[in-house]
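Here are the chains, one letter per residue:
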Amino acid sequence: MLDEAVNSVHFHKDAAFDGLYPEHIQGLSQRHWTPLEVAKKASAFLALPNAKILDIGSGVGKFCIIAGFYHPQTFFYGVEQRKELVRFSQMVNEEVNLANVGFIHGNLTAIDFKAYDHFYFFNSFHENIEPSGRIDNTVNTSSELYVYYSRFLIEMMDEKPAGTRLVTFHGREKQIPASFHLVDHAFSGRLKMWIKK
């Protein structure tokens, strides 16, 4: 059920949604932000009534806001280490006024993963191993951080109970614990849906 109080014109095409952001943020969309149709497909798999979903490395909040619009009975939270991107996430969410969406400024290693039920991961670690793909120069990146964050993610997912859902977009299978089983995929395999057994 859609949130009828929100102007739905922004939620039909990527260009319309991206238009909510400043021009320099729009320019990063194709490479760094989740496409609208991907967000709809991913959130349909993750959204269960009253569940709390965490977007790991939420950027400007595009996934959470789209997901929150299409699934008002589910709560979507994003964690992002770049303060400016969190500010843009909050700005757009205030404009569309979704009560089931929130953003946290911080590093994923400081997050209590026990507070969340299911997870979305658009390989936010990748810029650590591809400098040309960096969003900006405001955070440290390195191959060591890529390994550290990947291991941390595996450890956190391993601690989650059976039935935990995870969606990866452009993720690598070696970042997923063996306890998670692939149950579906879409967009030529770039989007993968997992459930912990």
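Residues numbered from 1 in each chain as written. Predicted model: local features only at pLDDT ≥ 70, side-chain atom pairs only at ≥ 80, totals over all residues. Heavy atoms only, no water.

A. Main features of the side chain of Glu80. In this fold, Glu80 is placed in strand S2 (residues 75-80). For the buried Glu80, which has no salt bridge, the nearest side chain bearing the opposite charge is Arg82, at an N-O separation of 4.3 Å. For Glu80, the side chain forms a polar contact with the main-chain nitrogen of Gly59, separated by 2.8 Å. At 2.9 Å, the side chain of Glu80 forms a polar contact with the backbone nitrogen of Arg82. Leave out the neighbours within four places in its chain, and Glu80 touches Gly57, Ser58, Gly59, Leu85, Val86, Ile104, His105 and Gly106. (Helix = DSSP H or I, 4+ residues; strand = E, 2+ residues; numbered from the N terminus. Buried < 20%, exposed > 50% of the residue type's maximum accessible area, 1.4 Å probe, protein only. Lys, Arg positive; Asp, Glu negative; His and termini not counted. Salt bridge = Lys/Arg side-chain N within 4 Å of Asp/Glu carboxyl O. Polar contact = N/O pair within 3.5 Å; in protein donor to acceptor, adjacent residues only side chain to side chain. Contact = heavy atoms within 4.5 Å.)

B. Here's a closer look at the pairing of strand S7 (residues 191-196). Among the 6 residues that make up S7, 6 are buried, leaving the element largely enclosed by the rest of the structure. Covered by surrounding structure in S7 are Leu191, Met193 and Ile195 together with Lys192, Trp194 and Lys196, the residues of both alternating faces. Pairing geometry for strand S5 (residues 165-169) and S7, over 5 bridges, is antiparallel. Considered in S7, the bridge of Arg165 is made with Ile195. (Pairing = 2+ DSSP bridges.)

C. View of helix H6 (residues 83-96). Here H6 is 14 residues long and its end C-alpha atoms lie 20 Å apart, about the 20 Å a rise of 1.5 Å per residue gives. Burial in H6 covers these residues: Leu85, Val86, Phe88, Ser89, Val92, Asn93 and Val96. Buried residues of H6, seen end-on, are gathered within an arc of 160 degrees and therefore sit on one face of the element. Among the exposed residues of H6, those oriented more than 90 degrees off its buried face are Lys83, Glu94 and Glu95. Here the buried face of H6 lies against helix H2 (23-26), helix H5 (62-70), S2 and strand S3 (101-105). Of the residues one or two after H6, Asn97 is the one with positive phi, at around 60 degrees. (Expected span 1.5 Å × (residues − 1). Arc of directions from axis to C-beta.)

D. Layout of the sheet that holds S5. Read across the sheet, 7 strands follow the order S3-S2-S1-S4-S5-S7-S6 without closing on themselves; strand pairing throughout is mixed. Each edge of the open sheet is held by one strand with a lone partner, namely S3 and strand S6 (180-186). The average undirected angle you get between the axes of adjacent strands in this sheet is 20 degrees. Across the sheet, H6 touches S2 and S3, and the angle it forms with S3 is around 165 degrees. (Axes fitted to C-alpha atoms, helices over the stretch in contact; angles between N-to-C directions.)

E. The arrangement of the packing of aromatic side chains in detail. Tallied over the full model, the rule gives 13 aromatic pairs. Taken together, a centroid distance of 5.9 Å and an interplanar angle of 55 degrees make the contact between Phe17 and Tyr21 tilted. An identical accessibility class is assigned to Phe17 and Tyr21; each is buried. Feature note: the residues Phe11, Phe17, Tyr21, Phe69 and Tyr70 constitute an aromatic cluster, connected by ring pairs. The side chain of Arg165 reaches across the aromatic face of Phe45, ending 4.6 Å from its centre. (Phe/Tyr/Trp six-rings, centres within 6.5 Å; stacked < 30°, edge-to-face > 60°. Lys NZ or Arg CZ within 6 Å of the ring centre and 35° of its normal.)

F. The pattern of salt bridges, seen in detail. All chains considered together, the criterion is met by 5 salt bridges. Of the charged contacts, one joins Lys62 and Asp14 as a salt bridge, the two residues approaching to 2.6 Å between their closest N and O atoms. Of this pair, Lys62 sits in helix H5 while Asp14 sits in helix H1 (residues 14-18); the two residues are 48 residues apart in sequence, bridging distant segments of the chain. Judged by its relative accessible area of 2%, Lys62 is buried. For Asp14, a relative accessible area of 28% corresponds to the partly exposed category. Linked through salt bridges whose partners overlap, the residues forming this network are Asp14, Asp18 and Lys62.

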